[in-house]
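Letter by letter, the chains look like this.
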Amino acid sequence: MQIMEKKNCFCLLFVAFLLLKGTCAYAQKVFIDSVYYTLDNTAMTAQIAVQSSSTAVGDIVINDTVTYEGANYAVTSMADDAFAYCNQLTSIVLPQTLRNLGKNAFLSCTRLTSCIIPDSTITEIPFEAFLKAGLIEFRVPEGVTYIEQRSFEQMPNLLRIHLANSVKSVSPWAFYILDALQDPIYNDSMFVLMPMNYQGAYTIPTGIQAICSSAFYGCTKITSLTIPEGVKRIEHYGLMFSLNAVIKTLHLPASLEYVTPGAIFGGSLRKISVAEGNTHYTTWNNMLMTINMDTVICCPAAINAAYTLPESVVHVAASAFSVSAVDLTMTNVRSIGEYAFEANSLGKYDSNRHYVIPETVEEIGDEAFYRSYSMEQVTIPSSLKQMGEQVFADSPKLKKAIINSPMIGKGQFRICNNLEIIEIGDSLREIGAYAFHKCPALWYIRMPKANAHFRAIDGVLYSADTTALALYPCKHDGEEFVLPEEVNTLRSSSLRAVKLRKLVLPKGLSLIENELFGGYYLGNDDTPLLDTIVAPMMSVPAAQSNSFNLLNQAQTVLLVPCDSLAEIYRANSIWRGFNIQVDSTLLELPEKEQEVGTQPDEHSVQFTWPAVEGATYYTLIIWANEERTEKICTLTFNSMGQLVEIDFSKHAPVRRAMNTAASFSFRYNGLSEGTDYWFTMTASDDNNNELYSASGSFKTLGETGTTTYLDQIPSDQVQCTKALRDGQIYIMYKGTMYNVQGNRIK
C-alpha cells in the first residue's frame, strides 16, 4: 500500500513538473538579433515583446521567422508598448507575417524616422501607435481598414502620409497636431486631413465621397473651398475651419446626403448655398436646413441680424448657432441640440435681452446656451421633458432665470457670475447636482406657489414640508441663518459657498448629506465663509464622509450644549475637525412658569419638576428652615426621574442615559402635620455643570402636633435598623417606625 502511494505521488510530481516546464516555455521571453520575443511553443509563433530602450537602438529589420534552440517561430504579432520610449530607434522594417500592431507600439520614439509595414499584413493602426514619434513620411499599407484615435498625433517632423485605398474608417482626431504636414491626407474615397498652414483656394479631389471628422480643423488661411459632386458625407467638425478662418462662402454639391450636426463652422463664414437638385438640404437666409425645413443644421457665424425662425422649424441641430451673431426668435421648435447656441449673441438687441424659450420646446441638450454673452434674463418653459447639463453655464450677463420647467439640469447655471434671482414655477420636481455651482451673486429664490416637491420661504428653498433644506442662496441677506425647527435634513450643496458668518442648526436635525457647502465640478466651489455653527441638538446628526468638503473646519467654531456631547463629537471622524466648544445656554431649559410643583398632605408632599435636556441627575433637598441651614434630606434622581439615593449629607448620583420624558414626579413621606418646609431642586450634567435650579416652600396639612423624635432617645439606647417601604427608607426602633427625619410614623 505504501509503495502504491509513493508511485502515485511520484507520478503527480512528474506531471506537475511537465506542466510547469510547458508553462514556462509558453511564456518564455528570449533575445534574438537585438529584439525581445515571447515564444509560443504550441502555435510555434513569436510575439514582438516589450523592448528595452537600451537595446532597441539604430536600424532594426525583423524577419518573418526567428530560430531558437533549433526551432523556427513565425513572427505574427506585437505586444502593446513594444517599442514605446525607445528613443534611440531610428528605423524599423516589420515582417510580412505580422498580423497586428500593439497599442502605443512606437509611442515617443522621437528618433524613429522610418517605419515600413508590408501590404496585406495588418488591418488596423491601433490607439497611439505613433503618438509623438519622429516619422518624416509614412505609408499606410494596403489591407488597413481602420485607423484608431490618436494614432498619428503630435508628430513634429511628419511631412506626408500616403493613405491606402483600403482604409474605410478613420476615428476622430486620429491625425492631430501635425504642424509640419505639407500635403493633404486622403485616398480615393476619403478626405482625411488638410495641413493647417495651407493658404489660398483649394479643390477637394474628384472621387472623394466623405470628408472625415476634423479634416479642415484649424485651417485659418483657406480662402475658398470647392467641394466636388460625388461627396456624400461631411462628418463632425469636417468643415470646422476655426474662429479666425477667412473663408466666407461654402457651396455644397447636389450629391450631399448627410451633414453631421456641428460639421460646418468658420468665423468669417457668411453664406452657405446648396446646388440645385439636392434632395436632402436647402438654405434659408444663408442658413443650412433640411429639405423640408424642419431642422436648422448650421447658421454661418458671421451673419449679424435678427431672425424669427419659420413655423416649419421644429429642431435646432447641435451647434447650429454656435458662436453665431444672430439674435434668434424661435416659434415652434421642439428640440434644441447640444451646443446649439454656444457662445451666441442671443439677447443682444433690447427686445430680446429677456430671452423666452417657447412653450413648444420639450428637449434641450447639453450646453445648448452655454456662454450666452448678451442674455440678461431667460424664461424656461414648462413644456420641457428633458434637460441636459450646463445648459446656461458661464453666461456672464445673466441676472435672472424664470424656471417653469419640471427639472433644473446638472450644472445648469454653473459660473453664472451675475445670476441674482431665480423664480421657480410650481411644476419643479428635480434639481440637478451642481445646478448653481459658482454663482456668487445669487441672493434670492422666488417660488410664488409651493408644489408637492418644493417651497420657498424668505428667498430660501426647502422641501414642500420644510423638513429638508434644498438651497440657500449663497449671497442671501444677512450674516446669520437660523434654520426652521421643522428641518431635519440638509441636502447636498444646499449651503453651497455661503457668505454666512453664523449658522444655527435646528434641534431636530438628523442628516447632513455629502458636499453640504459645495464640491468639485469642473472646478471647485468658492470656500464658504463661516465662523460659527450652533448645534443645539442633543444627539450627533448623521453626516457623510464629504459633508463638510471645502469648509475650513479648524477655523469654524462648533458650539454644542454640554461636555458629554462635545466628547462624542470629538470622537467622530467627520466632526472632530471643528473647533468644538461647549455653550450650556443651548440646552432647552424649562421656562419660568415650569417651576417645581408641590402637592402636600398631612405627612407627605408630591414634587413635580420639568425634565431638563442634557441633565443626567437631579438633586432635591428638603430643608427644615427658610435659611436652609437645617437639611432634612437629600434625594438624588437619575435622568429618568428614578430615585437612586437618599442621603443626609452628600449625594453620589448614579449616571444614566439622557431622559426623553417631559417631566417627573416623586412623593416624599414622613413629614409632620401643619409644618413649613423649604426645598431646592437642581439639574446637572455628567460634569456637574448646573443646568437648572428652582427653590420654594410648602406646608403640610393639619394642626401642628406633638411628635416623638428619634433623636430624643439617648444615643446609647438607640438600637435600630433600616427598612424600605413604598419606595421610602424608614428606621425601625423597638417595633416603632420613624422616618429619616426622626418623626414617628403612626
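Definitions and limits used
- Residues numbered from 1 in each chain as written.
- Predicted model: local features only at pLDDT ≥ 70, side-chain atom pairs only at ≥ 80, totals over all residues.
- Heavy atoms only, no water.
- Helix = DSSP H or I, 4+ residues; strand = E, 2+ residues; numbered from the N terminus.
- Buried < 20%, exposed > 50% of the residue type's maximum accessible area, 1.4 Å probe, protein only.
- Contact = heavy atoms within 4.5 Å.
- Areas by Shrake-Rupley, 256 points an atom, 1.4 Å probe, with all protein chains shown as cover.
- Core = buried A, V, L, I, M, F, W, Y, C linked by side-chain atoms within 4.5 Å.
- Salt bridge = Lys/Arg side-chain N within 4 Å of Asp/Glu carboxyl O.
- 1 Å grid on protein atoms, 1.4 Å probe; cavity = no way out; pocket = protein on both sides within 12 Å on 5 of 7 lines; lining within 4 Å.
- Points joined across faces, edges and corners; volume = space filled by probe spheres on them.
- Nonpolar A, V, L, I, M, F, W, Y, C, P; charged D, E, K, R; others polar.
- Pairing = 2+ DSSP bridges.
- Axes fitted to C-alpha atoms, helices over the stretch in contact; angles between N-to-C directions.
- Arc of directions from axis to C-beta.
- Disulfide = S-S within 2.5 Å.
- Phe/Tyr/Trp six-rings, centres within 6.5 Å; stacked < 30°, edge-to-face > 60°.
- Lys NZ or Arg CZ within 6 Å of the ring centre and 35° of its normal.
- pLDDT = per-residue confidence, 0-100.

J.: Help me get a handle on the overall build of the chain, residues and values and all.
T.: Within the chain, the regular secondary structure consists of 2 helices and 64 strands. When each of the 746 residues of the chain is scored for burial, the buried share is 50%. For the chain, the share of sequence-separated contacts (at least 6 apart) that also reach a separation of at least 24 residues comes to 43%. Accessible surface for the chain amounts to roughly 33,600 Å². Of this, 49% is attributable to carbon and sulfur atoms.

J.: Describe the nonpolar core, listing the residues and the values that go with them.
T.: Counting residues in each nonpolar core, the largest one holds 62 residues, and the members touching the most others are Phe 607, Tyr 618 and Tyr 668. When near neighbours in sequence (up to four residues on either side) are disregarded, Phe 607 contacts Val 596, Gly 597, Thr 598, Leu 620, Ile 622, Phe 664, Ser 665, Phe 666, Tyr 668, Phe 679 and Phe 698. By size, the runner-up hydrophobic cluster in this structure holds 55 residues, among which are Ala 56, Leu 89, Cys 109 and Val 167.

J.: Talk me through the side chain of Asn 549; I want residue IDs and the actual numbers.
T.: If you trace the backbone, Asn 549 turns up in the loop between β51 (542-543) and β52 (557-560). If sequence neighbours within four positions are ignored, Asn 549 has contacts with Glu 515, Phe 517, Gly 518, Gly 519 and Tyr 520.

J.: I'd like a description of the pattern of salt bridges, backed by residues and values.
T.: When the charged atoms of two side chains with opposite charge come close together, those side chains can pair. Under the defined criterion, the tally for this structure stands at 16 salt bridges. Asp 119 serves as the salt-bridge partner of Arg 139, at 2.8 Å between the closest nitrogen and oxygen. Of this pair, Arg 139 sits in strand β10 (residues 137-139) while Asp 119 sits in the loop between β8 (114-116) and β9 (124-125); the two residues are 20 residues apart in sequence, bridging distant segments of the chain. Assessed through its relative accessible area of 27%, Asp 119 is described here as partly exposed.

J.: Now, about empty space enclosed by the protein: what can you tell me, with residues and values included?
T.: Taking a probe equal in size to a water molecule and rolling it over the atoms shows the remaining empty space. The tally for this structure, following the rule as stated, stands at 4 cavities of 30 Å³ or more. Size it by volume and the largest cavity reaches roughly 100 Å³. For the largest cavity, the full set of lining residues is Phe 175, Tyr 176, Ile 177, Leu 178, Leu 181, Leu 193, Met 194, Pro 195, Met 196, Ser 214 and Tyr 217. When the residues that make up the lining of the largest cavity are grouped by side-chain class, the tally is 10 nonpolar, 1 polar and no charged.

J.: Let's hear about the pairing of strand β3 (residues 45-48): which residues, and what values?
T.: With burial as the criterion, only one face of β3 is covered, namely that bearing Ala 46 and Ile 48; the residues Thr 45 and Gln 47 on the opposite face remain uncovered. Where strand β2 (residues 35-40) meets β3, 4 bridges bridge the pair, whose relative direction is antiparallel. Paired with Leu 39 across the strands is Ala 46, a residue of β3. Connecting the antiparallel pair β2 and β3 is a turn made up of 4 residues, with Met 44 showing a positive phi of about 55 degrees. Note: β3 against strand β6 (residues 71-78), 4 bridges, orientation parallel. Bridged to Ile 48 within β6 is Met 78.

J.: Any chance you could break down the sheet that holds strand β60 (residues 676-684) for me, citing the residues and the numbers?
T.: Within the open sheet, the 5 strands sit side by side as β58-β57-β56-β60-β61. Their pairing is antiparallel. The two strands at the open ends of the sheet, each matched to only one other strand, are β58 (643-647) and β61 (690-699). With direction set aside, neighbouring strand axes in the sheet form an average angle of 15 degrees. In terms of strand pairing, strand β56 (residues 617-623) meets β60 through 7 bridges, oriented antiparallel. Within β60, the position partnered with Ile 621 by the bridge is Thr 680.

J.: Could you give an account of the sheet that holds strand β35 (residues 363-364), with specific residues and numbers?
T.: Strand order across the open sheet formed by 7 strands is β27-β28-β29-β31-β33-β35-β37, with mixed pairing between neighbours. Each of the sheet's edge strands pairs with one partner strand only, and the pair in question is β27 (281-284) and β37 (386-387). Here 2 bridges tie strand β31 (residues 315-316) to strand β33 (residues 335-336), and the two strands are oriented parallel to one another. Bridge pairing in β33 links Val 316 to Ile 336.

J.: Can you explain helix α2 (residues 563-571)? Please cite residues and give values.
T.: Of the positions making up α2, those classed as buried are Leu 565, Ala 566 and Tyr 569. Buried residues of α2 fall within an arc of 105 degrees about the axis and therefore sit on the same side. Buried positions along α2 lie against β52 and β53 (579-582).

J.: I'd like to hear about the state of the cysteines, residue by residue, with values.
T.: With the rule as written, the count across this model stands at 0 disulfides. For Cys 299, which is in no disulfide, the shortest distance to another cysteine sulfur is to Cys 298 and amounts to 6.9 Å.

J.: Run through the packing of aromatic side chains, naming residues and quoting values.
T.: Taken as a whole, this structure holds 39 aromatic pairs when the rule is applied. Seen in terms of ring centroids, Phe 369 and Phe 392 are 5.2 Å apart; in terms of plane orientation they differ by 10 degrees. Their pairing is stacked. Residue Phe 369 is located in the loop between β35 and β36 (377-380), and its partner Phe 392 is located in the loop between β37 and β38 (400-403); the two are separated by 23 residues in the primary sequence. According to the relative accessible area criterion, Phe 392 is buried, its value standing at 0%. An aromatic cluster of at least three residues, connected via ring pairs, comprises Phe 321, Phe 341, Tyr 355, Phe 369, Phe 392, Phe 413 and Phe 436. Of note, Lys 29 hangs over the ring of Tyr 36, and the distance from its end group to the ring centre comes to 5.0 Å.

J.: Describe in detail the pairing of β53, supporting the description with residues and values.
T.: Across 4 bridges, the pairing between β52 and β53 is parallel. Each bridged residue has a counterpart across the sheet, and for Val 560 the counterpart in β53 is Val 582.

J.: I'd like a description of unusual backbone geometry, backed by residues and values.
T.: Unusually for a residue other than glycine, Val 323 sits at a positive phi of about 55 degrees. By secondary structure assignment, the location of Val 323 is in the loop between β31 and β32 (327-329). For Tyr 339, which is not glycine, the phi dihedral falls at a positive 60 degrees. By the element assignment, Tyr 339 lies in the loop between β33 and β34 (354-356).

J.: Account for the confidence of the model for the chain, naming residues and giving values.
T.: For the chain, per-residue confidence averages 87 on the pLDDT scale, and residues scoring 70 or more make up 87% of the total. In this model, residues 1-25 is a region of pLDDT below 50 whose contacts with residues beyond four sequence positions or in other chains number 2 contacts. Below a pLDDT of 50 lies the segment residues 705-718, which in the model reaches 22 contacts outside its immediate sequence neighbourhood of four places, other chains included.

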